[in-house]
Each structure stands twice: as structure tokens, then as C-alpha cells.
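Residue strings, one per chain:
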Amino acid sequence: MVDCFSYIKTLCQKKYWRKSKIEKTFVICKSTEQKRLVELLQKISVNDFKIADYIIKYAEASLGTKLNENIYITLTDHIVFAIERAKKGMNISNALLWEIKQFYAQEYEIGKHAIAFIKKITGVELPPDEAGFIALHIVNARSDREIEEIEATAKIISSALKIITFHYAYELDKESLNYNRFVVHMKYFIWRVFDGNMLNDDDPVFCEMIKKQYTKAYECAQKIGVLVQEQYKKKVTMNEIIYLAIHIQRITASVEK
């Protein structure tokens, strides 16, 4: 196990940091995270850390919640290399940028603020794609989900909305309350699938009622269930399909009229 406290003490002795100027102390228990911290401290400047610290504090104030402190490692590391890449003209395209804007709108706005702040402090202009990447780090720290799960969530929601649009031949109202409720429901549905903690099939009478009353919505929900099963090898329970159908019925109610 890496002794981070001894390492930081050495840095202080080298006058990288003065004890009197220490504002925050982090306790990182996992040995893998300790190693990452040591590697990061060897690569970054105090200014790099201050940039990340400002963005994190801004995010917490904007969202009204505390973020997992591991973001100080992940986000600082990302920002440092994003700046290096931008200086070399090696910007990376964000394939999920549209989905991030749609489904993680608050975090994306914070990401936009972050790249504007980075330009102000460093003079380096990061592309809009980086606002999306920063947003994913914030979502990760907010939900304690892995970045891969967050990306998969955005992909599944996007695919689900396309299925609904084609199934009903109807363009959904993205500004409606029911649309936003559906997106939130989808996030938690997908996370339950990943966690293996789906709703149990414990109310067959209710399920049969929804199948009969909301036949088209139920058929649409089944298609989404098949998508999840085929792409992620997770069989979706009947209750999950039923509650998905209820939310689909809400966002497509005007089509049925």
C-alpha cells in the first residue's frame, strides 16, 4: 500500500505546499486511489489543482449537493491532459455530446462554465466536447456510478426515445414535465438493471390491467426491454416493463387523443 501521508509530507518539506496554507484534507482509503493520487501529484502543479477545486466547488454550489471527493483525482487528471492535448491540437471528439446535453443538462452547463474558466486562467480554449467530458465526471461524482455506466445510461435513454418516436410516429415534446419524468425514470430503471435490483414480478393482476389498458405503450416498453437485454445481456422483469409502459403512456397521451 502506498503511504500517501508520507509522500505529501515530503512534498511539504520540499516547499511545494506549506502546512499553514493547507485548506482541505482528503482521506483516501482504497490503495488503488492512493496510487492514483501519488501519480497525479507528481504530474500536476498547484495551479492545476486550484482550477479543478474551483470547478468542483462551483458544481457543488450549482447542484446543491456534495460530490464524491474522488473527483479531485479524476477531474484534475482529466483537465491536465485535456489542456495538454489542446495545446498540441489533439482534441478528442465526444460521441455522446448530444446525449449529455439532453440527459445531463445541469452538469453540461457546469462543464461549459468550466471550459470558460479554464480559458480565462490558462488561455487555452477547450472544445465544447470537453464540457461534455467534464459533465460526465460530475455525474459520476454525484451518483457514485462508473463513467462507463453513465455513458451506457445516456445511450440507452437516447435509443429508448428513438424507439418511442418510431413506434408512435410522433415527435416528443422535450420541454414537457412528463418527458423529464420519463428521462429520470429511465436513469433509475437502467441503474436498477445494472445493479441487478429490478422491481419484482409480484403483482400479476396490475400487470394484466396495464397490458390491456395501455396496449401500445406496453408493446413499446417491451421493445425497450429487448434492447437492454440484447445489448447488455440483462433480462428486464415484467414489473419494470409495466412501469416503463406507464411512463410511455404519459409522454404519448396526446397522440392517443
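Definitions and cut-offs
- Residues numbered from 1 in each chain as written.
- Predicted model: local features only at pLDDT ≥ 70, side-chain atom pairs only at ≥ 80, totals over all residues.
- Heavy atoms only, no water.
- Helix = DSSP H or I, 4+ residues; strand = E, 2+ residues; numbered from the N terminus.
- Buried < 20%, exposed > 50% of the residue type's maximum accessible area, 1.4 Å probe, protein only.
- Contact = heavy atoms within 4.5 Å.
- Areas by Shrake-Rupley, 256 points an atom, 1.4 Å probe, with all protein chains shown as cover.
- Axes fitted to C-alpha atoms, helices over the stretch in contact; angles between N-to-C directions.
- Parallel < 35°, antiparallel > 145°, perpendicular 65-115°, else oblique.
- Left-handed = near helix turned anticlockwise from the far one by under 90°.
- Nonpolar A, V, L, I, M, F, W, Y, C, P; charged D, E, K, R; others polar.
- Phe/Tyr/Trp six-rings, centres within 6.5 Å; stacked < 30°, edge-to-face > 60°.
- Salt bridge = Lys/Arg side-chain N within 4 Å of Asp/Glu carboxyl O.
- Lys, Arg positive; Asp, Glu negative; His and termini not counted.
- Expected span 1.5 Å × (residues − 1).

Caption draft 1: Structural context of the overall build of the protein. A count of helical and extended segments in the protein gives 13 helices and zero strands. Its helices and strands taken in sequence order, the protein reads α-α-α-α-α-α-α-α-α-α-α-α-α from the N to the C terminus. Counting all 257 residues of the protein, 45% fall into the buried class. Partitioning the intrachain contacts of the protein with sequence separation of at least 6 by distance along the chain shows that 77% fall at a separation of at least 24. Entry remark: accessible area of the protein is about 14,600 Å², with carbon and sulfur atoms responsible for 51%.

Caption draft 2: Summary view of the packing of helix H10 (residues 204–213) against helix H12 (residues 238–251). Taken N-terminus to C-terminus, the directions of H10 and H12 make an angle of 40 degrees; their axes are 10 Å apart at the nearest point. What the angle tells us is that H10 and H12 run oblique. As for the relative orientation of H10 and H12, their crossing is left-handed in sense. Contacts from Phe206, Cys207, Ile210 and Lys211 in H10 reach Met238, Asn239, Ile242, Tyr243, Ala245 and Ile246 in H12. Its residues assigned to classes, the contact of H10 with H12 comprises eight nonpolar, one polar and one charged.

Caption draft 3: The packing of aromatic side chains, seen in detail. Counted by the stated rule, this structure contains seven aromatic pairs. Plain terms: the ring middles of Tyr54 and Tyr58 are 6.2 Å apart, the flat faces sit at 25 degrees to each other, and that makes the pair stacked. Remark: Tyr58 and Tyr54 occur in helix H3 (residues 46–63); sequence separation between them is four residues, near one turn of the helix. On the basis of relative accessibility, which here comes to 29%, the residue Tyr58 falls in the partly exposed class. Put simply, the rings of Tyr54, Tyr58 and Phe117 pair up and form one aromatic cluster.

Caption draft 4: Representation of the pattern of salt bridges. Evaluation of the coordinates by the stated rule reveals ten salt bridges. Salt-bridge contacts for Asp53 lead to Lys57; the nearest nitrogen and oxygen are separated by 3.1 Å. With a gap of four residues between them, Asp53 and Lys57 both fall in helix H3, about one helical turn apart. Classification of Lys57 as partly exposed rests on a relative accessible area of 41%. Where Glu149 meets Arg145, a salt bridge forms, and the shortest distance between an N and an O atom there is 3.0 Å. Via salt bridges that share partners, Arg145, Glu149 and Asp195 belong to a single interconnected network.

Caption draft 5: How the structure looks around the side chain of Asp48. Mapped onto the fold, Asp48 is located in helix H3. One buried charge, Asp48, has no salt-bridge partner; the nearest side chain with opposite charge is Lys87, at 7.5 Å. Other than its neighbours up to four places away in sequence, Asp48 contacts Thr76 and Val80.

Caption draft 6: Up close: H12. Over its 14 residues, H12 runs 20 Å from end to end, which matches the ideal 20 Å to within 8%, given 1.5 Å per residue. With respect to burial, H12 is a largely interior element, eleven of its 14 residues being buried. Listed as buried for H12 are Asn239, Glu240, Ile241, Ile242, Leu244, Ala245, Ile246, His247, Ile248, Gln249 and Ile251.

As far as function goes, none of this settles anything; it's purely spatial.
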